[in-house]
Amino acid sequence: MRLVILGPQGAGKGTQAEYLADKYGIPHIATGDMFRWAIRQGDELGRAVKDYVEAGRLVPDELTIRVVSERLDADDAASGWILDGFPRNLAQAEGLERLMRSKGRELDRALVIDVPEDVSLRRTLGRRVCENCGATYHEDRPPRNDWVCDRCGGRVVARSDDSEATVRERLRTYHEQTEPLKDYYRERGRLLEVDGTASPEEVFERIVAGL
Ligand code: ADP
Ligand code: ZN
């Protein structure tokens, strides 16, 4: 299974991607997580993307496509993957199409999880993530022990790019550049749209039924 997941901030892409990765035994590849990890490491990639990520702007396409291409070449991605947060604009969608062609592969589905703006803001501004493994929580749904990750024991914190101004900027970019990809994938007969306002379990059921 080769799947991309699109949706506005706070739609639950990461959560659903984790469920799908478990169910199908394929890696969950989130460009945002890769960039945040690189920033924490302070490596070359991290230095290149830091200013963009912190301002809520897109990292340049060429660099992003290169990072994704290298990740998809890893052994664990040989039999499938779930891409979360990529592609985010037409140039990236076309880049992915070219990558697939050069590897003799095809994208199975583009999953769009939709939520209205108020839900998006509420979820994103209350969001907390594990610094270590990326598991997500919410102010209203914290881990069992005071901000210690249930899964790995890492520290659970607010993302530095989840301030209101940055979230609004990312939402603007989403509507302007990412949302048009719905038409792109619809025209190619790959689109699966799911309402993301229900509970995570319910949304997951609908996705699995749709796939
Ligand atoms: P969200 O979906 O909540 O905005 P992500 O973790 O997907 O969060 O992305 C965080 C940041 O990482 C983005 O605001 C952007 O700066 C950068 N980023 C992630 N994926 C991409 C991408 N495909 N192209 C360009 N920049 C990206
Ligand atoms: Zn964790």
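How each quantity is defined
- Residues numbered from 1 in each chain as written.
- Chains lettered and ligands numbered in written order.
- Predicted model: local features only at pLDDT ≥ 70, side-chain atom pairs only at ≥ 80, totals over all residues.
- Heavy atoms only, no water.
- Helix = DSSP H or I, 4+ residues; strand = E, 2+ residues; numbered from the N terminus.
- Rg over C-alpha atoms; globule rule 2.2 N^0.38 Å.
- Contact = heavy atoms within 4.5 Å.
- Areas by Shrake-Rupley, 256 points an atom, 1.4 Å probe, with all protein chains shown as cover.
- Lys, Arg positive; Asp, Glu negative; His and termini not counted.
- Charge placed at Lys NZ, Arg CZ, Asp CG, Glu CD.
- Near = heavy atom within 4 Å.
- Polar contact = N/O pair within 3.5 Å; in protein donor to acceptor, adjacent residues only side chain to side chain.
- Nonpolar A, V, L, I, M, F, W, Y, C, P; charged D, E, K, R; others polar.
- Donors = N, O, S within 2.8 Å, 3.2 Å for Na, K, Ca; no water.
- Buried < 20%, exposed > 50% of the residue type's maximum accessible area, 1.4 Å probe, protein only.
- Axes fitted to C-alpha atoms, helices over the stretch in contact; angles between N-to-C directions.
- Parallel < 35°, antiparallel > 145°, perpendicular 65-115°, else oblique.
- Left-handed = near helix turned anticlockwise from the far one by under 90°.
- Pairing = 2+ DSSP bridges.

Participant: Just to check I follow, could you spell out the overall build of the protein chain for this structure?
Facilitator: Along the protein chain, the regular secondary structure elements total nine helices and eight strands. In terms of overall dimensions, the protein chain is globule-like: its C-alpha atoms have a radius of gyration of 16 Å, near the 17 Å expected for 211 residues. At a minimum sequence separation of 6, the contacts of the protein chain that also span at least 24 residues come to 69%. By element, 45% of the accessible surface of the protein chain is carried by carbon and sulfur atoms, the whole surface being about 10600 Å². Computed over 33 positive and 39 negative side-chain charges, the inter-centroid distance for the protein chain is 1 Å.

Participant: Sorry if this is basic, but what is going on with the site of ligand 1 here?
Facilitator: As a structural note, the neighbourhood of ligand 1 is formed by 20 residues, with Q9, T31, R57, Q92 and R170 the closest of them. Measuring from an oxygen atom of ligand 1, one finds a side-chain N or O atom of Q9 at 2.8 Å. Elements that contribute at least two residues to the shell around ligand 1 include exactly α2 (31-41) and α3 (44-55). For the shell around ligand 1, the element with the highest residue contribution is α2, accounting for four residues. Across the shell around ligand 1, the residue classes tally to six nonpolar, six polar and eight charged.

Participant: Looking at this model, I keep getting lost on the coordination of the zinc ion (ligand 2). Mind explaining?
Facilitator: In an ideal octahedron of six donors the angles at the metal are 90 or 180 degrees, and in an ideal tetrahedron of four donors they are 109.5 degrees. Of the protein atoms, only C130 (SG), C133 (SG), C149 (SG) and C152 (SG) coordinate the zinc ion (ligand 2), at distances of 2.3 to 2.4 Å. Sequence spacing of the donors to the zinc ion (ligand 2): C-x2-C-x15-C-x2-C. A residue is classified by how much of its surface remains accessible, and C149, at 4% relative accessible area, is buried.

Participant: What is the right way to read the packing of helix α6 (residues 117-125) against helix α7 (residues 164-178) from this model?
Facilitator: Each pair of packed helices gets described by two things: the angle between the helix axes and the distance between those axes. One can describe the packing of α6 onto α7 by two numbers: an axis separation of 11 Å at closest approach and a directional angle of 140°. If you check the angle between α6 and α7, you find them oblique. Two packed elements cross with a definite hand, and for α6 against α7 that hand is right-handed. When α6 is examined against α7, the residues E117, S120, L121, T124 and L125 are found in contact with a partner set consisting of E164, V167, R168, R170, L171 and H175.

Participant: Hey, could you run me through the side chain of D161 in this one?
Facilitator: Within the secondary structure, D161 sits in the loop between β7 (156-157) and α7. At a separation of 2.9 Å, a polar atom in the side chain of D161 contacts the side chain of R159. Beyond its immediate chain neighbours, meaning those up to four positions away, D161 contacts R36, V53, T166, V167 and R170.

Participant: Just checking my understanding: could you explain the sheet that holds strand β6 (residues 136-138) for this structure?
Facilitator: Strand pairing in a sheet relies on backbone hydrogen bonds. The paired strands run either parallel or antiparallel. Strand order in this open sheet of three strands is β6-β5-β7, and the pairing throughout is antiparallel. The open sheet is flanked by β6 and β7, the only strands paired with a single partner. As paired elements, strand β5 (residues 127-130) and β6 share three bridges and run antiparallel to each other. Considered in β6, the bridge of R128 is made with Y137. The strands touched by α6 are β5 and β6; relative to β5, the strand with the most contacts, the crossing angle is about 45°.

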